[in-house]
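Residues per chain, in single letters:
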There are 4 protein chains.
Amino acid sequence: MTATRTTPSNAPGSTSLGLGPRAFRAGGGDDMISVGIVGATGYAGGELVRLLLNHPRVKLAGLYGRNRDNEPIGASHPHLGATGLVVDKTIPKADAIFTALPHGVAAGMAAEIVAGGSALLDVGPDFRLHDPADYPAWYKFDHPAPDLLAGAVYGLPELHRAEMVAAAERATTIIGLPGCYPTATILTLAPLARAGLIADLAVDAKSGVSGAGREPRQDLLFSEVNESVKAYGLFNHRHTAEMEQELGQQGARGALGSKDANPGVATVDFLPHLIPMTRGILASCHVRTTRPVTQAELDALYDEAYRDEPFVQVVADPPATKHVSGSNLCRVCVKVDPRSGRVLAIGVIDNLVKGAAGQAVQALNVLFGLPETAGLEGYPIAP
Amino acid sequence: MTATRTTPSNAPGSTSLGLGPRAFRAGGGDDMISVGIVGATGYAGGELVRLLLNHPRVKLAGLYGRNRDNEPIGASHPHLGATGLVVDKTIPKADAIFTALPHGVAAGMAAEIVAGGSALLDVGPDFRLHDPADYPAWYKFDHPAPDLLAGAVYGLPELHRAEMVAAAERATTIIGLPGCYPTATILTLAPLARAGLIADLAVDAKSGVSGAGREPRQDLLFSEVNESVKAYGLFNHRHTAEMEQELGQQGARGALGSKDANPGVATVDFLPHLIPMTRGILASCHVRTTRPVTQAELDALYDEAYRDEPFVQVVADPPATKHVSGSNLCRVCVKVDPRSGRVLAIGVIDNLVKGAAGQAVQALNVLFGLPETAGLEGYPIAP
Amino acid sequence: MTATRTTPSNAPGSTSLGLGPRAFRAGGGDDMISVGIVGATGYAGGELVRLLLNHPRVKLAGLYGRNRDNEPIGASHPHLGATGLVVDKTIPKADAIFTALPHGVAAGMAAEIVAGGSALLDVGPDFRLHDPADYPAWYKFDHPAPDLLAGAVYGLPELHRAEMVAAAERATTIIGLPGCYPTATILTLAPLARAGLIADLAVDAKSGVSGAGREPRQDLLFSEVNESVKAYGLFNHRHTAEMEQELGQQGARGALGSKDANPGVATVDFLPHLIPMTRGILASCHVRTTRPVTQAELDALYDEAYRDEPFVQVVADPPATKHVSGSNLCRVCVKVDPRSGRVLAIGVIDNLVKGAAGQAVQALNVLFGLPETAGLEGYPIAP
Amino acid sequence: MTATRTTPSNAPGSTSLGLGPRAFRAGGGDDMISVGIVGATGYAGGELVRLLLNHPRVKLAGLYGRNRDNEPIGASHPHLGATGLVVDKTIPKADAIFTALPHGVAAGMAAEIVAGGSALLDVGPDFRLHDPADYPAWYKFDHPAPDLLAGAVYGLPELHRAEMVAAAERATTIIGLPGCYPTATILTLAPLARAGLIADLAVDAKSGVSGAGREPRQDLLFSEVNESVKAYGLFNHRHTAEMEQELGQQGARGALGSKDANPGVATVDFLPHLIPMTRGILASCHVRTTRPVTQAELDALYDEAYRDEPFVQVVADPPATKHVSGSNLCRVCVKVDPRSGRVLAIGVIDNLVKGAAGQAVQALNVLFGLPETAGLEGYPIAP
């Protein structure tokens, strides 16, 4: 397979307008977008490489890995070993920089990255929460760049597309990409939240193990995880803050409710589980509604919300994570219980694609004015 | 490994008092208990054989399989192939008969089985629900033996031990053994239900695939289940009826609530999931309480309920199914959310042991006056 | 995701030259190739759909499934449910027809399929073995179309590219696509066979479960396969015949050996195993050589054989099946044991891609004069 | 479940004869055997605890873990958390000490352990190889106690029972317990080796992940291992030395061959694979025989070798690892290929039981004169 080697974005022939989405959009948008990945050796980084290598408008400007010195990518990602790419300890110059790093690290590097115009798309949590006080509360660190945080946009295109485009036109563009659990949960519940229908909410989520990252830990060894399931992060999983921020905001926008009138969303009862599979998240959302609803009403609500979305599919039967594996799709199913009137809303994603790398590429497409599906046309892979 | 061959229970030297627990108890109880298994070729049947072969007071009187003609057990259970046991199409005569059959079948055979005094312990659902009307409603068949059903006891010793002992003294002894999901759920919630604390309840359960039985089905093939998770049985899983019966009854007994005062339990929001593992059930029970509770109160409630139970362990950290795999244990963890006041109660069992065969052996021990742990001393096996 | 609906190949504007590769090549080759899939509901059929939907030069002309009546594809392949495709009981008219059927069925349909010029690419075994006598011997059926078999080409492009191109120019084009085990094994061993180096050979292969197909069988249930490994098909696996045919033929061509001089290949000691994963085959080939070899000699041999092949990668470290999962790649590693002089050659493929659907698309590309990688550019997906 | 707490072996009432098998045998053998486990927090250590807790003649004298200070066992083995046992940094005094440690560590502690008469049963490799020169060659360390090594017995009872009993009568008793791969391989091949039938041999083995231990390593993470298979340890796996030692020795004893006349065994072509399951080893042994053999001859050879062995079962169909999971059984199947005359011998064990802890308990039983099956009566657990 022919290797796609990295090429510096300042090669002869590239424009002199500078880096980043504003320059790119001003330049007419026919060029390739140069992209760098900071934190390329983890799972999200590997998926970014896989997706971007097949992206028709992207060239890889460089892959950064801490303490790596021109190391062939095959050392960390054997499946990409024949691409000829290398991982290095230099932060690449590029129109867009993806950061996939432990929490707190991207925030510290952000100012340097965006100084030259590059857009920063953070796959980690450093620019997701709008309130700086949420960082010490949930992540146990003080945010080092609250000014940059103030300008960051929560990068879920299905909810914040217009804000993302606006950010692309600014001198500094920072996107805080959603977490994997919040992506599944928010897309599954946004129509209900917006309609003010959520009176009480339990989100019971199941994740594949890749969501826990690639650092060696005894509790993530195959022999520990296989043939077992457990809940974890009771009452304090960090993604809870993100769900409450976004669902609360949707609720505030809705015709029927506001955050104040919507105490069910004010605190989300979120319980994640680790299950013995590599990829995928399924979020089962148990909703007690603010008023009785019919199935027809739910169907209309979800159809309206998602009929034009390229990556969200509303389905009639409960979806399995395998139905979206390897793709950027989110499938959602919503049903009212005829006995009790409760509503079940179930959503599935591939945690490494729509929950991480794919969503990042989708956000890149939004920022740079490309079709949102560019580079993300792959169908799910099953079995 | 020396085979334990089946021996007829009417061999020379055995008592002439007749079969069944009443005769056994009258006889002083030093004999071996003769046991037959009807439906020996499925997963629950195999586990019964495994457990009973090591039971110090049981001799196997015969294994029944539809259309099997003296077939070596290795044909259906290769792991037991060296035991020398055979499966045949004759219903054995024995002090106790375990039935592990598709729903509706055991009910049709029950009268014949109990006629001679044998105790009937049904691993299937035919004697679990007290109200005959629940069978057409949930199982789509009319119960063929409502008179026998009226005398059946729900065989969860932790809740109904005294009733089981009373049934053992009657001429006809029928035990409807609990389903796998209800076992995990009821043990996890009984102390809360009894205390009238459940105002609203969502039970989000995850099961290994063996719970779906051994009949070939495309959706249970390895390639379909592996690397995937899905919900199923939305709003109509048959085990829901059982949970509502038992939790409602516990609630009615409690000091703080009754079934009428406890609408949360009146309809259980039960959502089961199939996850890619063979054994184990984890039930995550999301509870909105009828009044604020403290962790200390919960701890005291559960300690009191289970401190003397040999098979229920209350633990401080969320349990994994692997912590009980292969054993008859149920582990329960209950926590109050300091932010919201909601209560999470999480329980795990091995669905084929405490959720099926082990529970059946425990019930046998209760009926025949043996130590409840006889034959069930094995520790969980991990990793 | 926008659906790619099936369009009949005889839509206005398409050429009147007729169907099939000869007409297509004569027509200049700018059109889209119309493709039908017969046997679309199995695993290989699903993969064909997935790959062809993203193929830049293919339009799907129809999907055939026995007894299906305009059934949405989502009924059999939920992951493809949003494509709008349907499965029907009409054999489509198209430039190329892929058959993915139980053995013996495609052979019976072949005459009808190729009558109008369509190329037949059989994913099953009906056109793999050159000697008609091998069918009763290995597959237990008499080949119904020995005349067509005589003109069929074994569709492994890396070995038979020129013959495939020649077949495309004939009025009747039939390709017998290699089996999954033979693909992995033959690519792993061809350079050694061609060099006459194989004196004795044991092929110990491990396959994911999808290779066994999608028909419900008890021994393929998740609970049977998970946490277990077993050998099967001792001494009589049907793929053995294919390996012996191809490796023998390679040996006969080599400078150093002939089939007669190469008794090690005359009978391959082939032992397949079923392991608890869905996709992937790893073939470990234990070779006793006809003369001492050095590592440098092996490296040169394999480099020469595969340096220009787009889908075969020779690697220095033992490959894992996950390194090629989801892609059309084969990775091969060959090493000489410094202690014993034996040679180990290890190959991995994705059994459903390079071992079935991807290889079929690669063959299609060869027949129709397209770049061999068209539609197969996807990188492996990991983890 | 009632906890079995550790009790010091020198409690009032215990004999004053001293520790170890010689004293125990002299004392009449009615006492309980006091046992300590050094290295209790790994997988083999956990299995030892599980098995010994149910052993009718053993009391646990103490569990040692490096740097553990009276730590509840549940911290390392949650499934055993209710036993009340603790892990501590004091080496226990006991009749028998099991060591389950990284290579080189037990050898350094051995002198201290055996000084008081305790038998040392090393689950690790430090006392397996008779030739001290093999340690630097295969394990890269110089054996620190060659004098003790000289007196050690290779603890595979099926081959060395008499030597083990003899060692129990000596003042110093050291047993080097076999590795997991060698146990499966040697039991599978010993009858052939002894008969001088092995002319050439490839051992292709597949192991569950628990065999790689419990230290956190990236390559053992669930997401790396799941849905993948790979070979490793090409030409230099340490267990090769053990197989060559034992098979060579068997060959030398045989009527038909000697080590010199048996070059096939002189170097074993051993290739291990890591497959995505937790427990189990399957060894596929491809044998070219020194002369033609019949199936009847093979059957007689294996029946004679194993008919009286409690833990080795010769079976007619290829065994799966699940057939022995959780038990101390080894199942072996041997077949001659009617086409080629080659012999396939396939063996399965549970790597943590017969391949580690169970074998250790079996050896303990041999040393202390107990029935060999004591504490090992558990049947395999399936599915």
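Placed above this text is the structure.
Residues numbered from 1 in each chain as written. Chains lettered and ligands numbered in written order. Predicted model: local features only at pLDDT ≥ 70, side-chain atom pairs only at ≥ 80, totals over all residues. Heavy atoms only, no water.

### Description of the overall build of chain A
The test is simple: The numbering of helices and of strands both runs from the N terminus, where a helix is a DSSP run of H or I of at least 4 residues and a strand a run of E of at least 2. Radius of gyration here uses only the C-alpha atoms, and the compact-globule reference equals 2.2 Å multiplied by the residue count raised to the power 0.38. Each residue is assigned to one of three classes by its accessible area relative to the maximum for its type, calculated with a 1.4 Å probe on protein chains only: buried under 20%, partly exposed between the two thresholds, exposed over 50%. When checking whether two residues touch, look at their non-hydrogen atoms; a contact exists if any pair is within 4.5 Å. Charged residues are defined here as Lys and Arg on the positive side and Asp and Glu on the negative side; His and the ends of the chain fall outside this count. For charged residues, the charge sits on one atom: NZ in Lys, CZ in Arg, CG in Asp, CD in Glu.
Within chain A, the regular secondary structure consists of 12 helices and 15 strands. At 20 Å, chain A has a C-alpha radius of gyration in line with the 21 Å of a compact globule built from 383 residues. Principal-axis analysis of the C-alpha atoms places the extent of chain A at approximately 65 × 50 × 40 Å. In chain A, buried positions account for 63% of the 383 residues. In chain A, the proportion of contacts linking residues at least 24 apart, taken out of those at least 6 apart, comes to 72%. Side-chain charges of chain A comprise 32 positive and 39 negative groups, with the mean position of each set lying 2 Å from the other.

### Some remarks on the relation of the copies chain D and chain C
One copy of the chain maps onto the other through a rotation about an axis followed by a shift along the same axis. Convention followed: Here the copies are matched by least squares. The fit uses the C-alpha atoms of residues with pLDDT of at least 70 in both.
Note on the copies: chain D fits chain C at an RMSD of 0.0 Å, the axial shift is 0.0 Å, and the rotation between them is 180°. Both copies are brought into coincidence by an operation consistent with a two-fold rotation axis. In terms of proximity to the rotation axis, the leading residue of chain D is P276 of chain D, whose C-alpha is 3.1 Å off the axis. Residue by residue, 100% of the interface of chain D is reproduced at the interface of chain C, so both copies engage with the same surface.

### Here we look at the sheet that holds strand 7 (residues 153-154) of chain A
Residue and element names in this part refer to chain A. Let me state the cut-off plainly: Only strands joined by at least two bridges in the DSSP assignment are considered to pair. Angles run from 0 to 180 degrees between N-to-C directions of axes, and those axes are lines fitted to C-alpha atoms, restricted for helices to the stretch in contact.
Strand order in the open sheet formed by eight strands is 3-4-2-1-5-6-8-7, with mixed pairing between adjacent strands. Of all strands in the sheet, those with a lone pairing partner are strand 3 (71-72) and strand 7, marking the two edges. Bridge count for strand 3 against strand 4 (residues 86-88) is two bridges, and the pairing is antiparallel. Bridging from a neighbouring strand, P72 pairs with V86 of strand 4. Across the face of the sheet, helix 12 (residues 353-367) comes into contact with strand 1 (33-38), strand 2 (58-64), strand 5 (96-99), strand 6 (119-122) and strand 8 (174-176) while running at roughly 155° to strand 6.

### Topic: the interface of chain B and chain D
Put simply, an interface is often sized by how much accessible area is lost when its parts join up. This is how the line gets drawn: As used here, buried area is the combined drop in accessible area, with a 1.4 Å probe, of two parts when they are placed together. Only one rule defines a salt bridge in this text: a Lys or Arg side-chain nitrogen within 4 Å of an Asp or Glu carboxyl oxygen. For this analysis, a polar contact is any N or O atom pair within 3.5 Å, provided that within protein one partner can donate a hydrogen and the other can accept it, and provided that sequence-adjacent residues contribute only side-chain to side-chain pairs.
Tallying the contact residues gives 36 residues for chain B and 36 residues for chain D. Between chain B and chain D, roughly 3,000 Å² of surface is buried when both sides are summed, and carbon and sulfur atoms account for 59% of that area. One can count zero salt bridges joining chain B with chain D. Linking chain B with chain D are eight residue pairs in polar contact (both at pLDDT 80 or more), by the criterion used here.

### A word on the pattern of salt bridges
All names here are of chain A. Inspection of every chain in the model, using the stated rule, returns 72 salt bridges over all chains. In this structure, the salt-bridge partner of K354 is E158, at a minimum N-O distance of 2.8 Å. Of this pair, K354 sits in helix 12 while E158 sits in helix 6 (residues 157-168); the two residues are 196 residues apart in sequence, bridging distant segments of the chain. Comparing K354 with E158, the two get one shared label, buried.

### Details of the interface of chain D and chain C
Taken together, the contact between chain D and chain C spans 49 residues of the former and 49 residues of the latter. With both sides pooled, the region where chain D packs onto chain C buries about 4,100 Å², and carbon together with sulfur makes up 58% of that total. If you look at where chain D meets chain C, you find eight salt bridges. With its nearest N and O atoms 2.8 Å apart, the salt bridge here joins K206 of chain C to D204 of chain D.

### Quick word on the relation of the copies chain B and chain D
After a rotation of 180° and a shift along the axis of 0.0 Å, chain B superposes on chain D with an RMSD of 0.0 Å. Comparing contact sets, 100% of the residues at the interface of chain B also lie at the interface in chain D, consistent with an isologous, same-surface contact.

### Description of the side chain of H79 of chain D
Structurally, H79 of chain D can be placed in the loop between strand 3 (71-72) and strand 4 (86-88). A relative accessible area of 4% places H79 of chain D in the buried class. Excluding residues that lie within four positions of it along the chain, H79 of chain D makes contacts with K322, H323, R331, P380, I381 and A382 of chain B.

### Brief notes about the pairing of strand 9 (residues 198-207) of chain D
Residues and elements named next belong to chain D. With nine of 10 residues buried, strand 9 lies mostly within the body of the structure. Across nine bridges, the pairing between strand 9 and strand 12 (residues 281-289) is antiparallel. Note on strand 12: the bridge partner recorded for K206 is L282. Sheet analysis places strand 9 next to strand 11 (residues 269-274), joined by six bridges and oriented parallel. When the bridges of strand 11 are listed, V203 appears paired with F270.

### Considering the packing of aromatic side chains
Where we set the bar: Side-chain rings of Phe, Tyr and Trp (the six-membered ring for Trp) are treated as a pair once their centres are within 6.5 Å; stacked means planes under 30 degrees apart, edge-to-face means over 60, and tilted covers the remaining angles.
The full count for this structure, using the stated rule, is 26 aromatic pairs over all chains. Here Y139 of chain B and F141 of chain B contribute two aromatic rings whose centre-to-centre distance is 6.4 Å and whose plane-to-plane angle is 65°, an arrangement assigned as edge-to-face. Look at Y139 of chain B and you get buried, because its relative accessible area is 4%. Centre to centre, the rings of Y181 of chain C and F270 of chain C are 5.1 Å apart; their planes meet at 70°, and the pair counts as edge-to-face. Note that Y181 of chain C is positioned in helix 7 (residues 180-194) and F270 of chain C in strand 11 (residues 269-274), a separation of 89 residues in sequence.

### A word on the environment of K206 of chain C
The topology assignment puts K206 of chain C in strand 9 (residues 198-207). Looking at K206 of chain C, the relative accessible area reads 0%, which means it is buried. On a C-alpha basis, the gap between K206 of chain C and G369 of chain C in space is 34 Å, while along the polypeptide they are 163 residues apart. When neighbours within four sequence positions are excluded, K206 of chain C is seen to be in contact with H273, I275, G280, I281, L282 and S284 of chain C together with D204, K206 and H273 of chain D. Looking at K206 of chain C, its side chain comes within polar contact range of the main-chain oxygen of D204 of chain C, at 2.9 Å.

### Section: the sheet that holds strand 14 (residues 330-336) of chain D
Residue and element names in this part refer to chain D. Taken in spatial order, the seven strands make up an open sheet running 10-11-9-12-15-14-13, and their pairing is mixed. Whereas interior strands pair on both sides, the edge strands pair on one side only; in this sheet they are strand 10 (230-231) and strand 13 (312-314). Where helix 11 (residues 295-306) meets the sheet, its contacts fall on strand 13, strand 14 and strand 15 (343-349), and the angle it forms with strand 14 comes to roughly 160°.

### Brief notes about the state of the cysteines
Residues and elements named next belong to chain A. Applicable threshold: Sulfur atoms of two cysteines make up a disulfide when they are within 2.5 Å.
Across all of its chains, the model carries zero disulfides over all chains by this definition. Cysteine C285 is unpaired, with the sulfur of C330 as its nearest cysteine sulfur at 10 Å. Given a relative accessible area of 0%, C285 falls into the buried group.

### Remarks on helix 3 (residues 105-114) of chain C
Each turn of an α-helix holds 3.6 residues, which means side chains three or four residues apart point in the same direction. Residue and element names in this part refer to chain C. Here is the rule: Within this analysis, the arc is defined by the directions that extend from the helix axis to the C-beta atoms.
For helix 3, the full list of buried residues reads A106, A107, M109, A110, I113 and V114. The arc that holds every buried residue of helix 3, seen down its axis, measures 165°, which confines them to one face. Exposed residues pointing more than 90 degrees away from the buried face of helix 3 are listed as G108 and E112. Looking at the buried side of helix 3, the elements it contacts are strand 1 (33-38), strand 5 (96-99), strand 6 (119-122), helix 5 (146-151) and strand 8 (174-176).

### Quick notes on the environment of V315 of chain A
Residue and element names in this part refer to chain A. Mapped onto the elements of the fold, V315 is located in the loop between strand 13 (312-314) and strand 14 (330-336). Here the alpha-carbon distance between V315 and A184, two residues 131 residues apart in the chain, equals 15 Å. Once you skip the residues sitting within four places of it in the chain, V315 turns out to touch R331, V332 and C333.

### Structural notes on the pairing of strand 14 of chain D
Moving residue by residue along a regular strand, the side chains alternate between the two faces of the sheet. Residues and elements named next belong to chain D. Most of strand 14 is tucked away: six of the seven residues are buried. Here strand 13 pairs with strand 14 via three bridges, running parallel. Its bridge partner being in strand 14, Q313 is matched across the sheet by R331. In this sheet, strand 15 lies alongside strand 14 in antiparallel orientation, the contact comprising seven bridges. By the bridge assignment for strand 15, K335 is matched with L344. Taking the residues between adjacent antiparallel strands as the criterion, strand 14 and strand 15 are bridged by six residues, where G341 takes a positive phi near 80°.

### Some remarks on the side chain of S118 of chain D
Residue and element names in this part refer to chain D. Residue placement: S118 occurs in the loop between helix 3 (105-114) and strand 6 (119-122). For S118, a relative accessible area of 3% gives the class buried. At 2.5 Å, the side chain of S118 and the backbone oxygen of A94 are in polar contact.

### Some points on the packing of helix 2 (residues 43-53) of chain D against helix 12 (residues 353-367) of chain D
Residues and elements named next belong to chain D. What counts, and what does not: Roughly parallel here means an angle under 35 degrees, roughly antiparallel means over 145, roughly perpendicular means 65 to 115, and every remaining angle is called oblique. Handedness of a crossing follows from how the near helix is turned relative to the far one, being left-handed for an anticlockwise turn of less than a right angle and right-handed for a clockwise one.
Between helix 2 and helix 12, whose axes approach to 9 Å, the crossing angle comes to 45°. When the interaxial angle is binned, helix 2 and helix 12 end up oblique. Classified by chirality, the crossing of helix 12 by helix 2 is right-handed. Within the contact between the two elements, helix 2 uses A44, E47, L48, R50, L51 and L52 and helix 12 uses V353, A356, A357, G358, A360, V361 and L364.

### Topic: helix 11 of chain D
Residue and element names in this part refer to chain D. Worth spelling out the cut-off: Helix span, expected: 1.5 Å multiplied by one less than the number of residues in the helix.
Between its terminal C-alpha atoms helix 11 stretches 16 Å, which fits the 16 Å expected from 12 residues at 1.5 Å a residue. The complete set of buried residues in helix 11 reads L298, Y302 and Y306. Looking down the long axis of helix 11, one finds its buried residues gathered within 40° of arc, a one-sided arrangement. Exposed side of helix 11, more than 90 degrees from the buried face: A296 and E304 are the residues found there. Looking at the buried residues of helix 11, the elements they touch are helix 7 (180-194), strand 13, strand 14 and strand 15.

Coordinates in, geometry out; function isn't part of it.
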